[in-house]
Structure formats: structure tokens, C-alpha cells
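# Close look at the chain arrangement
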Amino acid sequence: MSKSFDLEYNEPKKMRLDAYLNDEIDDLTRSQIQKLIKDENILVNGQPVAKTGYKVVSGDKISVTIPEEQPIEAVAQNIPLDVVYEDQDVLVVNKPQGMVVHPAAGHPDKTLVNAILYHCQINDDDVIRPGIVHRIDKDTSGLLMVAKNNLAKQSLMEQLKEKSNLREYLAIVHGNFKEKTGKINAPLGRSKVDRKKQAVVENGRHAVTHFEVLKQFENYSLLKLKLETGRTHQIRVHMQYIGHPVAGDPLYGPKNTLKGNGQFLHAKTLGFEHPRTHEWMEFSVEPPKIFLDTLKQLRTEH
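Residues numbered from 1 in each chain as written. Predicted model: local features only at pLDDT ≥ 70, side-chain atom pairs only at ≥ 80, totals over all residues. Heavy atoms only, no water.

### Considering the environment of Val208
The test is simple: A run of H or I in DSSP becomes a helix once it reaches four residues, and a run of E becomes a strand once it reaches two; helices and strands are each numbered from the N terminus. Burial classes: relative accessible area under 20% of the type maximum marks a residue as buried, over 50% as exposed, and values in between as partly exposed (1.4 Å probe, protein chains only). Note on contacts: a residue pair is in contact if any heavy atoms of the two residues lie within 4.5 Å.
Structurally, Val208 can be placed in strand β14 (residues 208–216). Take Val208: its relative accessible area is 1%, and that puts it in the buried class. Separated by 22 residues in sequence, Val208 and Gly230 place their C-alpha atoms 8.4 Å apart. Look past the residues within four positions of Val208 in its chain and what remains in contact with it is Lys183, Ile184, Asn185, Lys226, Leu227, Glu228, Thr229, Gln234 and His238.

This is the structure we're talking about:
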């Protein structure tokens, strides 16, 4: 179903239309707004604007129509999967760094979901994310649990909701710590400065991350992190918030950082109660080679 907004600009100074709408409408990025302008889905005083850099003046009446998104139907693709465990109900995979979990506008195929559809028949109504009950970022490597039927999906989702499962990560972060362990309890929501980012915001969604310092180097530390909640970019934002951004993070970290394929963040350990047998299942995988090689280099320099 399409959405529509009617706004009136009442500021004395002129302002770029896309910048104004970026501030006024949640969940729309600057690039999405520019596409809406090009597609004539944004009118000023009843007329489409000639260019994306159009500047509104006081008294301008703005009408925005956001068309309904068409679902992306994932297709099976023969992409290699690193299967850690599989039975009739669940699948545990080790996602490589650089792979997107599910299809979206910018990544319609070659995702983990496409690979899963080829690997096994998922009995699920969700054509976009069959069996995916949680996810990790494109440049984060490591373990994901996948439900192969509705029984498993309901059980795994309930465990996520009740925080009874186990999700532990390894991360190389900037700086050193005085304390050996810590808890970050800071609510998260969309950044008001950059709509592509998440941030610690007042009245955001409850988010808790626990950390333990495993090793310290000259300018970096190796941490074990445990998720109590699973918000978008949670570890990355929380570590930036306490002044120790994840090394290599292109979105939340400094430019002067360790060279790699994105953030040095790895979902190492995953535990959950089996949906059918109720047996506790726990799996662990080593980080990718670039992560291990970077740790070795840090130890050499230390």
C-alpha cells in the first residue's frame, strides 16, 4: 500500500527539497527521496520539480507519494554453503564475510537466502527470507541458524524473543580497556544525522551488549561480545558509543584503521534449544583467514 505525506515549508531561508524531506520523513534516505523526485512522486505546489537540487521557499506546499514496494522473489542459486549442522528442522551455516543475508533492492540475488533455497526445500511462506530468523551484516562473518519448517521457525523466534539462545562474537576494536568486562545498556534507533546509520537515541529500542577483553595490543583489543538483544548494527554502534569502534568498520569507525574486508566482527558461537528434541545445541567456528592473520600481525607488533 502506498504512503502519502502533505507538508508545508515555513522557514525563512531556502533549503534543498531532498534535505528538508530527509529531516521530516523517517525511514527515507536522501537517495530514495531523489529517486522519488525523478519519478515525479514529489510535487511542490501541485507540480513536479525539475531537478533533485530544487530549493523550497517559505509557503511551498509539498506532496510526497511513496509507491508500494514490490516483493522480491528469491530464486534458488547454486552458491556454495558452509554447512555446520543440518537435520530435518534446522540448518546452521557459517556465512562468509561479504555475503548479504537476504535479497533487497540493492542485492536482488547471490545472497545467503538464494543459496539456502538451492541447498534445501524451505517450507515457509516468506518469499523474501525463507527460514531466516535472525541475520548478520554483509561484512560480518559467522554463524546463522535457519528454520526449515514453521515448527522450527516459531521455536527459534520465541527463543530470540525470550533471550534464551546464545550469540557470541569476536571483534577487534580500537583502543585499550581498564576493565576486563563490561555491559553496554543503551537504546538504539535511526540516527537523526545520517539516516543510513543507527545510533544511541533517547526513547530508542532496548539494547544490551556484554563484552569481555580477551587480549590487548598497542592500539587495539580483542573482545568477546555477547548479545542480550539483537538490534540492527547493535555491536558496531555500542562499541562506537563507548569510544572503541570495531576496527575496519566503514560506517561507524575511523578512517585510520586496520585494513580488511570491512569490520573485524565474527559471529563465533551460536547456541539454541532444538525445536523438536529440546536438546541444547551449541556450535562454534573460527574467524576467517584475514581476521586470524590480522591478530597474528598485532601480536607480532605488540
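Next comes the rest of the account.
### Description of the side chain of Lys268
Threshold: Pairing of N or O atoms within 3.5 Å defines a polar contact, subject to two protein rules: one partner must be a possible hydrogen donor and the other a possible acceptor, and residues neighboring in sequence count only if both atoms are side-chain atoms.
Looking at where Lys268 falls in the secondary structure, it is placed in strand β16 (residues 265–273). In this structure Lys268 comes out as buried when scored by relative accessible area, which is 19%. Among the polar contacts listed, one links the side chain of Lys268 to the side chain of Glu286, at a separation of 2.8 Å. Excluding residues within four positions of it along the chain, Lys268 makes contact with Leu143, Glu168, Tyr169, Leu170, Phe283, Ser284, Val285 and Glu286.

### Things to note about the sheet that holds strand β1 (residues 3–8)
Let me state the cut-off plainly: The pairing criterion for strands is at least two bridges between them, as found by DSSP.
Within the open sheet, the four strands sit side by side as β1-β6-β3-β4. Their pairing is antiparallel. Two strands in the sheet have a free side with no partner beyond their single neighbour: β1 and β4 (47–48). In this sheet, strand β6 (residues 61–66) lies alongside β1 in antiparallel orientation, the contact comprising six bridges. Each bridged residue has a counterpart across the sheet, and for Asp6 the counterpart in β6 is Ser63.

### A word on unusual backbone geometry
Phi at Lys110 is positive, roughly 60 degrees, even though this residue is not glycine. Relative to the helices and strands, Lys110 resides in the loop between β8 (90–95) and α3 (112–119). Taking relative accessible area as the criterion, Lys110 reaches 63% and is therefore assigned exposed.

### Structural notes on the pattern of salt bridges
Put simply, the rule is: Salt bridge criterion: a side-chain nitrogen from Lys or Arg within 4 Å of a carboxyl oxygen from Asp or Glu.
In this structure the tally under the stated criterion is 10 salt bridges. Lys268 is the salt-bridge partner of Glu286, the closest N and O atoms lying 2.8 Å from each other. Of this pair, Glu286 sits in the loop between β17 (280–284) and α6 (289–301) while Lys268 sits in strand β16, and the two are 18 residues apart along the sequence. Overlapping salt bridges, with partners in common, bring together Asp137, Arg236 and Asp249 in one network.

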